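# Fold and contact review
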Amino acid sequence: MLAAPRRELWSWGQPEREAAQLEIARARFETLREKVSQLAKLADLQRVASIDSLDDLAPVLFQHTVYKSYPISLITKGRFDLLTRWLDGVTSHDLSSVDASGCTGFDDWFDKLEAQTPLRPHHSTGTTGKLSIIPRDVREVERFGRLLLRSREPFGDEPDPLEVLRQAGTPIPIVHPSYRHGRHLAQRMLDALVHQIGSEETTYVLYEDALSADIMSLVGQVRGASLRGALDKMELSPELLARYRTTIERQANQDRYQAQFFERIVKELKGKAVYVVGVTAMLYEWTVKGEKSGIDRLFAPQSIIQSGGGMKGLVVPDDWQARVEKFLGAPLRFGYGMSESMGAAEMCEMGNYHPTPLTVPFVLDADTGAPRPRSGTQTGRYALLDLITESFWGGFVTGDRVTVTWDGCSCGRRGPYIDPVIERFSELEGGDDKVSCSGSVDAHREAMDWLVAKAGLNP
Amino acid sequence: MTASAVEGAPIATEEVDAVVPLIIRGEVIESDLCTYEMRGGQGRYSAPDLRRHVHRLPTTQASLSDLYSLSLDDIIDFLADVGATLDLNYNPHLRRAFELSARASGLPRTILESSYENLPRLFERAKIDRFVDTQIGRAPLEGWVETEMDSGRRMAVRAFGARAVHIIAGNTPAIAFLTILRSAVTRSDSIIKLPSNDPMTATAILLSMIDIAPDHPVTRHLSAAYWKGGDSAIEKRLYQPRNIEKIVAWGGFDSVTHITEYLQPGIDLITLDPKQSCSIIGPEGLRDEKTIVEVAQRAALDIGSLNQEACANARVIYVVCDASDADQLGRLNDLGKRTMAALTDLPEEISTPAKSVDFRLQDELSGIELQDEFFRVFRTTDPSEGAVIVSQFDEPVEFADLLCNRTANFVPVQSVEHALERVNAASQTVGVYPDALKEEIRDALAVQGAQHIVSLGEVMSAGISGPQDALETERRMLRWVRDMSGARIPARLEYTVRRETPSLDHYRRGWRPGPGVEMAGMWLPGVVSDASGQLYLGIRGVDDMAPGMLRTVTPICGFRKLPRTMDGDPPHLFSEYSEIDWFEPYEYVETQGRSRMIYESGCIELERGGCHWYDASGRWELHAKTISDVFVVHVPKQDGVECEVYYRHELAKATGKINGVPVEGYLHQDYSYAPQGMVWTETPFPRKLQGMWVSWLHEFDDGELGGGCFWQGRGGLDFGPGYQVKGGATTVYKDIAAKPSFNAENKLSALEVSIGGDSYQFELDTMSSEIHYFGPLVSTSLARAPVRSWCWIECAGAMLTGEVLDQELRRFRLVRGR
């Protein structure tokens, strides 16, 4: 199954697909419960001894909080030895001999882990400063790279967009308006793309260096303190600020750098076939800017524009997507995925997300957490088991409310698909009489202003 | 209890509908209904669209006057009558409110039911009496409470109700009861904004009031309305200083922040913002198994009561122990485990499994549950039963703000100080074990910001007495009006006058007019003139500000030559006395016939028949022969007169020289006597009794002398002691009356005096200061007219206040030692 082409996998019927999934899931569970102590504990708590059906997996899926269940004070107090011990509980690799003493931050710690173990972890954005840490290893990273390209494999009589793009035979220009390097999932993804279809020379990024996990955590911590009204209690060492002066300065002057980057893209890539990875809100901002300058069909039509991430609070007109596509000259391709899982669910031409058959999707009852029937249309909390991962447990419950229909998408793919309307449970909370506040954007700005002032910078 | 309320049959649940009427001061409105969703999708209720009625919500401040036709007891009686009808089984309004809350509230039916059964007891007479006593005190609600201030001033304070909007919280129905109780006893006009999680309790109480007495002033000053919090169409209109004086806002950070948009001068915001509470357990708590079980039960009560829906519930519990010691950490984990067991054992009227489980908390619990390194989680398989997290190091979980559904976090701390550091202004209640520790740390807790300190296990039994969130809410709801009065002047002043034949003893320093008093100053003024009619004034004070010292009384008297004008700023005679008040120590010498006071710049000699006053450099020299007896006024201590005081006066004809120029006139001696340590200006005499003082001497063509001295009371005070010398005889009076005339500048221009059967008319033409007048005696009722006269009047009216005199005394603080 792992080797089968997508074209084939999308044709499997539910009994066939789920039987194969169950077989792999069972093997993963049996192996990993011996080696991953947190999975062992969950299985004990849930009294799950064996997996006889896919529904048996539901109680042993990790909550999305598991990969950030370490105390944040370990970071602020520099206890990376204890953080390593915590990570040891979620990976099958033995980390007991890792020497993490003297680590000065996340970046340093990741360096040491990668030097001493096969782990190649990636982290989340961590809006409150606490990063989720997903302990992938070398093999999984390599597999992730291959899967990433295969996720573009077409179905039915669709042409393979990647094949079309690669026809030129030269490295494909890759556009990513962010950092070139780093351990965030986006940078790991970029690494894979550059190695497999592009080249360093044809890669267009906003910043050539690495995105720092420390600065990401720092901004999050400051932002969290700002939201709590506790900025005055926040203490940062001058060394830390000095170390991240450049990144803080860049964040503060983002608008200017973005504008320069945009000009460079227009100048050097106009009319070319490219692979773009960018958040939708930013692509929309490009469009507005481009329309003003009279730019139309920026890239060649066979370009792949991979997008997602929502509008980040921007208010957009109804025809935004058509305008963005007209400006870019190629259709937007959306996916639904998360840091914790390997395969994203790609959006088909009917506008539905199709989870790859290499992940087992679940819809859990929002109140009880029990699995809802694997048939018909179900609404509830989305959970999945990633069958690709072997060194850590890929079973995972999201914070998203989704509607899954178990078969029958008109695009022809068989198997479950997810309605494009996906909501965060945390945003659905709050009563009828809730007084709204527009905290988040302000809080980020306040966090940045605070850091810029602390670092003595003048944007 | 009214008859109608008990006669009805108990109400069946099916009869309950979900219309929450709008109540505006006794009027029930059920039109223009809008439907609202309850929190958590538990159902719907409808209420009149307030946008259509908001214009009728405000009232005027003057409308509150009807509440003052009632005594506090009338109000309490009424509340007690209403309370008697609030029986959940018979009162249809309360029943309906309960059924609605049972769906809308975060609390389960069992707890709500016991709340609705118990809360009406807040309206029992004895309970309200105690509430009034502890929260405000009866007296200022009932009338003006008077306090005597410095200088005999009086302050009266009374508490008046204000117009308020109460944005109440609905996590427990107790808040609705409490708000109505507060409003009634403070004679306020209150508009209650109902919360969506308790949409009808306040309304039900008001409906019950309307059933009993729709026109009662208390009923007519209570309104209850539902609108969606933040609806600016309503709030902008309502929250205006012309409509309300106070906003009492319970509730979240967002909603209070939102209200601040409407704040402007004239609106007082009283915020009862959401708080978190914690507990601190001393090392004693882990002493042995028996103690651990007890502490677990106490902690469970503080965590679980009202299902942890209240801000007073414990969430993070700090335990003093050494987390690096396996035995101690083991005991802490045992405490956590036993607390979880105690939580599940709580009776269902106090605590039950959660009505709805907070999934964010569950996600977090599931996240940390799988590792034992940093946290231990104790819980059952049913997430609604709650959980106990035991931190294995000295930090609470990062999601401590989310703790709910009976979930607590035990945190080991090295010492009590480490726990104290974490207490801040958002820490409402702190439960402490044991009590001895509580007493030890309560000051520190309070300084850190804690507002309510309580024995562990007693958090939810604390009741409604005392301050709330370190605020005296009831007192803040009131308008404290102050009425200040000047010194009280007794309506009928009691005093005596007498005359004594002068003896040598009168001129000894130790002479006293009666027991219990000492000399509080003696003054020797000379009012004399030369042949041209040029008038002079000179005064020395003896022992008047500092015992053993003489002074020149410079600020307003001193030694001056008085031009005949009313300007009041005459030149000084001797330059050395022109700038400051001179003090000189004197030597007191008693010889057989006299008492001498010798000082550097001169000497005063007193004898039975007169006195002598010398300037050492010969510039001033007066010799006087006494023409009167010793006159004494005694004002005993009485209501309005804080201490007894005597005044003494005698008059003498003076002759002498000033700068070599012969002069004639009078010298008098006057004395004050008061309790030891006081000086004249501190006594009631100048502060509240004195309106005018007159001392004069006249001479007939044959050399016969007459004159006298008298006082007139201040304002309307009937006070006219004095004496006159006529035909060589001194006669004392209590009823001397003087009628002053004033010129256009409010200066005293003439005085018409009647003493006994005689009358004297003075005309004033000279002023030596703002309060000192001089002038001739122009006519009398005596058989013949005097040829010469010297008259000195002190007339300060209302200007001589305690503050003015105290200000004068400030200069003598050092020398007087106070």
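Values in this document were obtained by computation on a predicted structure and should not be read as measured data. (Residues numbered from 1 in each chain as written. Chains lettered and ligands numbered in written order. Predicted model: local features only at pLDDT ≥ 70, side-chain atom pairs only at ≥ 80, totals over all residues. Heavy atoms only, no water.)

## With respect to the packing of helix α2 (residues 72–85) of chain B against helix α8 (residues 201–212) of chain B
All names here are of chain B. The contact between α2 and α8 brings their axes to 9 Å, and the two run at 110 degrees. Looking at the two axes, α2 sits roughly perpendicular to α8. For the pair formed by α2 and α8, the contact residues are Phe78, Leu79, Asp81, Val82 and Thr85 on the first element and Ile205, Ser208, Met209 and Ile212 on the second. For the contact of α2 with α8, the residue count by class is 6 nonpolar, 2 polar and 1 charged. (Axes fitted to C-alpha atoms, helices over the stretch in contact; angles between N-to-C directions. Helix = DSSP H or I, 4+ residues; strand = E, 2+ residues; numbered from the N terminus. Parallel < 35°, antiparallel > 145°, perpendicular 65-115°, else oblique. Contact = heavy atoms within 4.5 Å. Nonpolar A, V, L, I, M, F, W, Y, C, P; charged D, E, K, R; others polar.)

## Here's the deal with the sheet that holds strand β12 (residues 276–281) of chain B
Backbone hydrogen bonds hold the strands of a sheet together, and the pairing may be parallel or antiparallel. Residues and elements named next belong to chain B. Strand order in the open sheet formed by 7 strands is β14-β15-β16-β13-β12-β17-β18, with mixed pairing between adjacent strands. Each end of this open sheet is capped by a strand with a single partner; those strands are β14 (375–379) and β18 (452–455). Neighbour-to-neighbour, the strand axes of this sheet turn through a mean angle of 20 degrees, independent of strand direction. Of the pairings in the sheet, the one linking strand β13 (residues 314–320) to strand β16 (residues 407–413) comprises 5 bridges and is parallel in character. Opposite Val316, over in β16, you have Asn409 as the bridge partner. In the packing of helix α12 (residues 326–344) onto the sheet, contacts are made with β12, β13, β14, β15 (387–391) and β16, and the angle to β15 comes to roughly 170 degrees. (Pairing = 2+ DSSP bridges.)

## Examining the pattern of salt bridges
All names here are of chain B. Scanning the entire structure with this criterion turns up 80 salt bridges over all chains. Between Arg422 and Asp394 there is a salt bridge; the shortest N-O distance is 3.8 Å. Separated by 28 residues along the polypeptide, Arg422 in the loop between α14 (416–420) and β17 (427–433) and Asp394 in the loop between β15 and β16 bring together distant segments of the chain. With a relative accessible area of 24%, Arg422 lands in the partly exposed category. One salt bridge connects Arg788 with Glu664, and the closest N-O pair in it is separated by 2.6 Å. Of the two residues, Arg788 is situated in strand β43 (residues 788–795) and Glu664 in strand β32 (residues 661–674); the sequence distance between them amounts to 124 residues. Since its relative accessible area comes to 33%, Arg788 is described here as partly exposed. Exposure remark for Glu664: the relative accessible area of 23% places this residue in the partly exposed category. Here the residues in one salt-bridge network are Asp73, Asp77, Arg125, Asp129 and Arg138, joined through shared partners. (Salt bridge = Lys/Arg side-chain N within 4 Å of Asp/Glu carboxyl O. Buried < 20%, exposed > 50% of the residue type's maximum accessible area, 1.4 Å probe, protein only.)

## Considerations on the pairing of strand β7 (residues 163–167) of chain B
Residues and elements named next belong to chain B. Summarising burial for β7: 5 of the 5 residues are buried, a large majority. Of the two faces of β7, the one carrying Arg163, Val165 and Ile167 and the one carrying Ala164 and His166 are both buried. The pairing of β7 with strand β8 (residues 189–193) spans 5 bridges and is parallel. Its bridge partner lying in β8, Arg163 is registered against Asp189.

## Looking at the packing of aromatic side chains
Residue and element names in this part refer to chain B. Per the stated rule, a full pass over the model turns up 49 aromatic pairs over all chains. Ring plane angle 10 degrees and centroid distance 5.8 Å describe the contact between Phe774 and Trp792, whose orientation is recorded as stacked. Taken together, the residues Phe774 in strand β41 (residues 772–774) and Trp792 in strand β43 connect sequence positions 18 residues apart. Phe774 gets classed as buried once you look at its relative accessible area, which sits at 0%. Chaining the aromatic ring pairs together yields one cluster made of Tyr495, Trp523, Tyr647, Trp680, Phe685, Trp711 and Phe719. One cation-aromatic arrangement involves Arg648 over Tyr507; the distance from NZ or CZ to the ring centre is 5.4 Å. (Phe/Tyr/Trp six-rings, centres within 6.5 Å; stacked < 30°, edge-to-face > 60°. Lys NZ or Arg CZ within 6 Å of the ring centre and 35° of its normal.)

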